Amino acid sequence: MGLIIRILISAVAVWVAAYFIPGVSVSGGAGTYLIVAIVLGFLNAFIKPILTVLTIPITIITLGLFLLVLNVLMVYLTAYLIPNFHVTGFIAALLFSIVVSIVTALIDAIV
């Protein structure tokens with residue numbers, strides 16, 4: 001039950017981010033938001049840790065700022081895998097990842 005709630009929270013966060021950020025578009029209904037949340041969660045759970053370990057030297061050199069680039073790469077990969085989800089530009093993907101993180105954290109704190 002907890003996993004379903006977390007996916008729904010992530011879908012709401014994706015909706016909020018897509019609504020407020022001008023470089024992000026999600027066409028389709030609520031199902032598309034759910035799919036984006038599931039794919040983004042899957043990539044963050046399985047692919048991002050591998051990339052984080054592989055990029056430890058550059059992360060240390062940049063004092064951790066390279067992790068933001070990894071977040072953007074996860075958003076781009078999600079947009080590549082889902083045809084109804086489009087992100088135009090690095091800044092839009094960066095803002096999308098930040099907004100999704102903040103909204104998810106706020107909703108998790110409330111629920």
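- The chain is annotated in an unreviewed UniProt entry as Phage holin family protein of Spirosoma pollinicola.

### Some thoughts on the packing of aromatic side chains
Then comes step 1: Inspection of the entire model under this criterion finds 4 aromatic pairs.
Then comes step 2: Ring centres 4.8 Å apart and planes at 50 degrees place the aromatic pair Phe 42 and Phe 46 in the tilted group. Residue Phe 42 and its partner Phe 46 are located together in helix α2 (residues 30-54), separated by 4 residues, close to a single helical turn.
Then comes step 3: On the basis of relative accessibility, which here comes to 48%, the residue Phe 42 falls in the partly exposed class.

### Details of the side chain of Thr 32
Then comes step 1: You can see Thr 32 is positioned in helix α2.
Then comes step 2: The buried category is assigned to Thr 32, whose relative accessible area is 9%.
Then comes step 3: In this structure the side chain of Thr 32 is engaged in a polar contact, spanning 3.4 Å, whose partner is the backbone oxygen of Ser 27.

Cut-offs used in this document
Residues numbered from 1 in each chain as written. Predicted model: local features only at pLDDT ≥ 70, side-chain atom pairs only at ≥ 80, totals over all residues. Heavy atoms only, no water. Phe/Tyr/Trp six-rings, centres within 6.5 Å; stacked < 30°, edge-to-face > 60°. Helix = DSSP H or I, 4+ residues; strand = E, 2+ residues; numbered from the N terminus. Buried < 20%, exposed > 50% of the residue type's maximum accessible area, 1.4 Å probe, protein only. Polar contact = N/O pair within 3.5 Å; in protein donor to acceptor, adjacent residues only side chain to side chain.

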